[in-house]
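Observations on the three-dimensional arrangement
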Amino acid sequence: MHEPDVAVRLRGLTKVYRRRDGVNEALGCIDLDVPRGAFFGLLGPNGAGKSTLINILAGLVIKSAGEAVVWGYDIDTNPRLARASIGVVPQELNIDPFFTPRETLELQAGLYGVPARLRQTDEILAAVGLTDQAHVYARTLSGGMRRRLLVAKAMVHRPPVLVLDEPTAGVDVELRRQFWRYVAKLHADGTTILLTTHYLEEAERFCDRIAIIDHGRLIACESTESLVRRLDRKIVKLTIAGGLTAIPTSLQAWQTSITPLGRLAIAYQPSRMHIEEILSIVRAAGLVITDLSTEEAALEDIFLDLTAGGSGKRAQADHGRL
Ligand code: ADP
Ligand code: MG
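Remember, it's a predicted structure, so these values are computed and weren't measured experimentally.

1. Here's the deal with the coordination of the magnesium ion (ligand 2)
For the magnesium ion (ligand 2), every protein donor is listed as S51 (OG) and Q91 (OE1), and the spread of their distances is 2.1 to 2.2 Å. Taken as a pair, S51 in helix α1 (residues 50-57) and Q91 in the loop between β6 (86-89) and α3 (101-111) lie far apart in primary sequence, 40 residues in all. We classify S51 as partly exposed; its relative accessible area is 21%. Here Q91 falls in the partly exposed class, since its relative accessible area comes to 34%.

As structure tokens, this is what we get:
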């Protein structure tokens, strides 16, 4: 069986949009490998170029330069096999309103030349939780249902690579859970997943590798674990006997705040100082510590550090977390 080590391979991938008011380089020379079997997150702020990259793979955008190879098939020299190897759920909910979900999937299967006896229309509808809606017009489906129908549509030809562009944007919490259960199952069954999302907790939770792009440039690509470890930063939260209403002046040089539950939160760099030092400074300020917990840096911190989000947003994020 054809099983390349690299599911998606990009070399020097470049896209320049030409507009009346000039040119816009949406992707500048991206080199990227998505290993077979990965649950790969492609993150970046709005306008970073994520959808452009995905739409090139989907055949919806023509690249300006570079190469893209899907499942070992170059999209220029082997477009048919490259397209057959990938299922793409685009960011826009483009659904034909006058077809039912069942018809939509049958049509798509026909388009991809899946023979009738190999079609699994009903199984796929069940997997995405649309059995009850199989025969209603798509225009009556909710946003969450439409999104799931698009995933189903992307999977009718059983591609080894599934690409999801902001799949849970605007989907409510319960349906998001159901959606991730389905994607996790596809991944467990061997499907390589390439995902963009702006919910960083979702990326941190599901993706084993993460690439970050900003202004069309790749600025990080590594395992989620090593990316999160990269940021030398932790937060300690202390419960103070008798509660805390104001930060003692001797602690004001530190990055501190009072949590909604009245705990004292202090951000620190584990490589530079030991937690014991923090505790002694707090004690020296006359406070009695009755409990403590620490938090690791979250993907959000690294993201803000690496992208143009910069220190302003970082301070805001800290404010929310501290
Ligand atoms: P993301 O998905 O990361 O938010 P996009 O790939 O949608 O980013 O956009 C990247 C850049 O390319 C943005 O500056 C955007 O304005 C521009 N862009 C996207 N699509 C087009 C288009 N069809 N024509 C011109 N510019 C575009
Ligand atoms: Mg996008």
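2. Regarding the site of ligand 1
Close to ligand 1 lie Y17, R19, N24, A26, P45, N46, G47, A48, G49, K50, S51 and T52. G47 places a polar main-chain atom, nitrogen or oxygen, 2.7 Å from an oxygen atom of ligand 1. A48 has a polar backbone atom sitting 3.2 Å from an oxygen atom of ligand 1. In isolation ligand 1 offers 560 Å² of accessible surface; the protein chains occlude 65% of this area. Elements with a contribution of two residues or more to the shell around ligand 1: β1 (6-19), β2 (22-35) and α1. Counting residues per element, the shell around ligand 1 draws most heavily on α1, at 3 residues. Of the residues belonging to the shell around ligand 1, the class tally is 4 nonpolar, 6 polar and 2 charged.

3. Points about the pairing of strand β3 (residues 39-43)
Across the 5 residues of β3, 5 count as buried, placing the element largely inside the fold. The two faces of β3 match: F39, G41 and L43 on one face and F40 and L42 on the other face are all buried. With 4 bridges connecting them, β3 and strand β8 (residues 192-196) associate as parallel partners. Among the inter-strand pairings, F40 is bridged to a residue of β8, identified as L194.

4. Section: the environment of A7
Within the fold, A7 resides in strand β1. Once the C-alpha coordinates of A7 and N55 are considered, the two residues, 48 residues apart in sequence, prove to be 16 Å apart. Setting aside residues no more than four positions away along its own chain, A7 makes contact with V34, P35, R36, V69, V70, W71, V161 and T192.

5. Considering α1
Where burial is concerned, most of α1 is hidden: 7 out of the 8 residues are buried. Taken as a whole, α1 has its buried residues at K50, T52, L53, I54, N55, I56 and L57.

6. Observations regarding empty space enclosed by the protein
Inspection of every chain in the model, using the stated rule, returns 1 cavity of 30 Å³ or more. When its volume is computed, the largest cavity comes out at roughly 40 Å³. Together, L105, A109, V114, R119, Q120, T121, I124 and V156 line the largest cavity. Put simply, the parts of the chain that give the lining of the largest cavity at least two residues each are α3 and α4 (121-127). In terms of residue class, the lining of the largest cavity is made up of 5 nonpolar, 2 polar and 1 charged.

7. Section: the layout of surface pockets
Empty space among the atoms becomes visible once a probe the size of a water molecule is rolled across them. Considering only enclosed or pocket space, the largest pocket measures out at about 410 Å³ in volume. Of all the secondary structure elements, the ones that give two or more residues to the lining of the largest pocket are β6, α3 and α5 (143-155). Taken together, the residues of the lining of the largest pocket sort by class into 9 nonpolar, 5 polar and 2 charged.

Parameters at a glance
- Residues numbered from 1 in each chain as written.
- Chains lettered and ligands numbered in written order.
- Predicted model: local features only at pLDDT ≥ 70, side-chain atom pairs only at ≥ 80, totals over all residues.
- Heavy atoms only, no water.
- Donors = N, O, S within 2.8 Å, 3.2 Å for Na, K, Ca; no water.
- Helix = DSSP H or I, 4+ residues; strand = E, 2+ residues; numbered from the N terminus.
- Buried < 20%, exposed > 50% of the residue type's maximum accessible area, 1.4 Å probe, protein only.
- Near = heavy atom within 4 Å.
- Polar contact = N/O pair within 3.5 Å; in protein donor to acceptor, adjacent residues only side chain to side chain.
- Areas by Shrake-Rupley, 256 points an atom, 1.4 Å probe, with all protein chains shown as cover.
- Nonpolar A, V, L, I, M, F, W, Y, C, P; charged D, E, K, R; others polar.
- Pairing = 2+ DSSP bridges.
- Contact = heavy atoms within 4.5 Å.
- 1 Å grid on protein atoms, 1.4 Å probe; cavity = no way out; pocket = protein on both sides within 12 Å on 5 of 7 lines; lining within 4 Å.
- Points joined across faces, edges and corners; volume = space filled by probe spheres on them.

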